[in-house]
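Here is how the chains run, residue by residue.
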Amino acid sequence: MSETVLLVGGGGREHAIARALADGDATLYACAGNRNPGIASIAEGFETLETTDPSAVVAYAEDVDATLAVVGPEGPLAAGVADALDDAGIYAFGPNEAQARIETDKAYQRRFMRDHDVPGCPEFETFDDVEAACEYIDAADGDLAVKPAGLTGGKGVRVIGDQVTAEEAKTYLRDADYDRVVLEERLVGEEFTVQAFVANGDLRVTPAVQDHKRAYEGDEGPNTGGMGSYSDADSALPFMTDDDYEAALNVLEATVDALDGYKGVLYGQFMLTADGVKVVEFNARLGDPEAMNTLPVLDTDFLDVLVAAREGESLPGLSFAPNATVCKYAVPEGYPTDPEAGAKVEITEENAGDALLFYASVDQREDGIYTTTSRAFAVVGVADTVTDAEAIAEDALAVAGEEGLDVRHDIGKPDLVQRRIDHVADLRSR
């Protein structure tokens, strides 16, 4: 049976999903609030619509006779788009609104971990009164991570002792006027992500990836949606052991066991600390940029995963090419605090060399493609080693040029990777 798949979302993550589906026997349609030229070039049809409007998404899915759907971003999941598609008889690979709370409500997420004895949960408290949260900060014995309970696009967290002082954290909370906030112990170590496909009680994991949230080289500057990421040729990263990876897998398995009927992607963001692997957060979808590291090296047909999920069958085992990957985002100058749109994007799939090109948020005009105020595009190198993959990505960025763009060139470079290795070695020696 041929499958018609609707892809919901128009970012770099969704471009990677579209590529993965294009490699199989699927007829692809897509819808998003922005028109992604990379996805549009692959899909049979592309509709611009509000993806947090369940009725609009369902109407388009029915119009194209979709038999499956993949919901990429967190916004539509929080809005109940997967629920609406399922109710319309179109299997959505993505959690329903209630299940998506594992990402969309950080207070719920921590209480869920505590209530179900999920390992790796840091000490935390939740607050719906800002002044009570500020009093907790004053009384705390150590540094804290300050997290708005709701979605903030990866930019809402402030870490005392790293990004802000205690006084600055309190000012941040008072000025932001969040309804609810989570305060938890500051985790010190190296972050990494493991993503899993989940359905019918099965869990299939992908290689670990390290994202780089800070805007500037050397891990300086404000947090962003992610400036780039890398993975190694096997499941673990260079600073990890196989036991570290297994510890993360154990957390994901315990979480899936406690999430009755969960389907879609479960993304675990972890911190490798002196006390082992801790959970920074869960997401209910593929990461952006992490999807661009994992899907290009996935040898298993992604469509087979979706069909097995819908049919109630065991998910196929995942096979990955033994390659490292390095992803680097190009963003508009001034991103994320004061981005300047309108720079022409000179790189294309034809001149990107050996790198893969993924469009994110761009403006396609008659005379070319231009940046908006969000992340513009990513280049991904795939090779035997991280160093070789990084060189491929850099060659592509040289074609793209630097006018109107900012890039973290240090992602995947040997000295930065070695700093991660040395950092973990120091933690383990304490």
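Now for a description of the structure that goes with this document.

Criteria and cut-off values
Residues numbered from 1 in each chain as written. Predicted model: local features only at pLDDT ≥ 70, side-chain atom pairs only at ≥ 80, totals over all residues. Heavy atoms only, no water. Helix = DSSP H or I, 4+ residues; strand = E, 2+ residues; numbered from the N terminus. Buried < 20%, exposed > 50% of the residue type's maximum accessible area, 1.4 Å probe, protein only. Pairing = 2+ DSSP bridges. Contact = heavy atoms within 4.5 Å. Axes fitted to C-alpha atoms, helices over the stretch in contact; angles between N-to-C directions. Patch = residues over 30% accessible without salt bridge, like charges linked within 9 Å, V, L, I, M, F, W, Y side chains within 5 Å. Areas by Shrake-Rupley, 256 points an atom, 1.4 Å probe, with all protein chains shown as cover. Salt bridge = Lys/Arg side-chain N within 4 Å of Asp/Glu carboxyl O. Lys, Arg positive; Asp, Glu negative; His and termini not counted. Charge placed at Lys NZ, Arg CZ, Asp CG, Glu CD. Polar contact = N/O pair within 3.5 Å; in protein donor to acceptor, adjacent residues only side chain to side chain. Parallel < 35°, antiparallel > 145°, perpendicular 65-115°, else oblique. Nonpolar A, V, L, I, M, F, W, Y, C, P; charged D, E, K, R; others polar.

## A few points about unusual backbone geometry
- For the bond from Y335 to P336, the omega torsion is 5 degrees, close enough to zero to count as cis.
- By secondary structure assignment, the location of P336 is in the loop between β18 (324–332) and β19 (356–359).
- The phi dihedral of D117 falls on the positive side, at around 55 degrees, and the residue is not glycine.
- Of note in this structure, N200 is not a glycine but carries a positive phi near 55 degrees.
- As for its position among the elements, N200 is in the loop between β10 (189–199) and β11 (202–205).
- You can call N200 partly exposed: its relative accessible area is 38%.

## A few points about helix α1 (residues 12–22)
- Counting buried positions along α1 gives 10 out of 11 residues, so the element sits mostly inside the fold.
- What α1 keeps buried is the set G12, R13, E14, H15, A16, I17, A18, R19, A20 and L21.

## Details of the pairing of strand β3 (residues 45–48)
- In this sheet, β3 lies alongside strand β2 (residues 26–32) in parallel orientation, the contact comprising four bridges. Residue pairing for β3: C31 is matched across the bridge by E47.

## Here's the deal with the sheet that holds strand β9 (residues 181–185)
- The antiparallel open sheet is built from four strands, whose spatial order is β6-β9-β7-β8. With partners counted over all chains shown, the strands left at the sheet margins are β6 (124–127) and β8 (158–159), one partner each.
- Relative to β9, strand β7 (residues 144–148) runs antiparallel, the two being bridged by five bridges. Residue P148 lies in a different strand from β9, and its bridge partner there is V181.
- Relative to β7, helix α9 (residues 166–176) is tilted by about 10 degrees, and along the sheet it contacts β7, β8 and β9.

## Focus on a negative patch on the surface
- A cluster of acidic residues, D234, D242, D243, E246, E253 and D257, forms a negative patch at the surface.
- The topology assignment puts E246 in helix α10 (residues 242–258).
- Taking relative accessible area as the criterion, E246 reaches 39% and is therefore assigned partly exposed.

## A look at the pattern of salt bridges
- One pass over the full model with this rule turns up 30 salt bridges.
- A salt bridge links R101 to D105; the nearest nitrogen and oxygen atoms lie 3.1 Å apart.
- A relative accessible area of 8% places D105 in the buried class.
- For E131, the salt bridge is made with R174, and the minimal N-O distance between the two is 2.9 Å. Highlighted residues: E131 in helix α8 (residues 130–139) and R174 in helix α9, separated in sequence by 43 residues.
- Residue E131 is classed as partly exposed on the basis of its relative accessible area of 39%.
- Relative accessible area serves as the criterion here: at 41%, R174 is assigned to the partly exposed category.
- Among the charged side chains, a salt-bridge network with shared partners connects E190, D219, R408, D410 and R420.

## Looking at the environment of K213
- Following the sequence through the fold, K213 ends up in the loop between β12 (210–211) and β13 (214–216).
- Measuring from C-alpha to C-alpha, the distance between K213 and S229 comes to 9.1 Å, with 16 residues separating the pair along the chain.
- A polar side-chain atom of K213 sits 3.4 Å from the main-chain carbonyl oxygen of G225.

## Here we look at the sheet that holds β10
- Read across the sheet, four strands follow the order β11-β10-β16-β17 without closing on themselves; strand pairing throughout is antiparallel. Where the open sheet ends on each side, the last strands, each with one partner, are β11 and β17 (276–283). Adjacent strand axes in the sheet meet at a mean angle of 35 degrees, parallel and antiparallel pairs treated alike.
- Across seven bridges, the pairing between strand β16 (residues 264–273) and β17 is antiparallel. Bridge pairing in β17 links F270 to V279.
- Along the sheet, helix α14 (residues 414–429) contacts β10 and β16; its crossing angle with β10, the most-contacted strand, is approximately 100 degrees.

## Overview of the packing of α8 against α9
- Where α8 contacts α9, the two axes come as close as 10 Å, and the packing angle between them is 175 degrees. Taken together, the axes of α8 and α9 lie roughly antiparallel to each other. The segment α8 lies against α9, with V130, E131, A133, C134, I137 and D138 engaging A166, E167, A169, K170, L173 and R174.
- Looking at the contact of α8 with α9 residue by residue, the class counts come to seven nonpolar, no polar and five charged.

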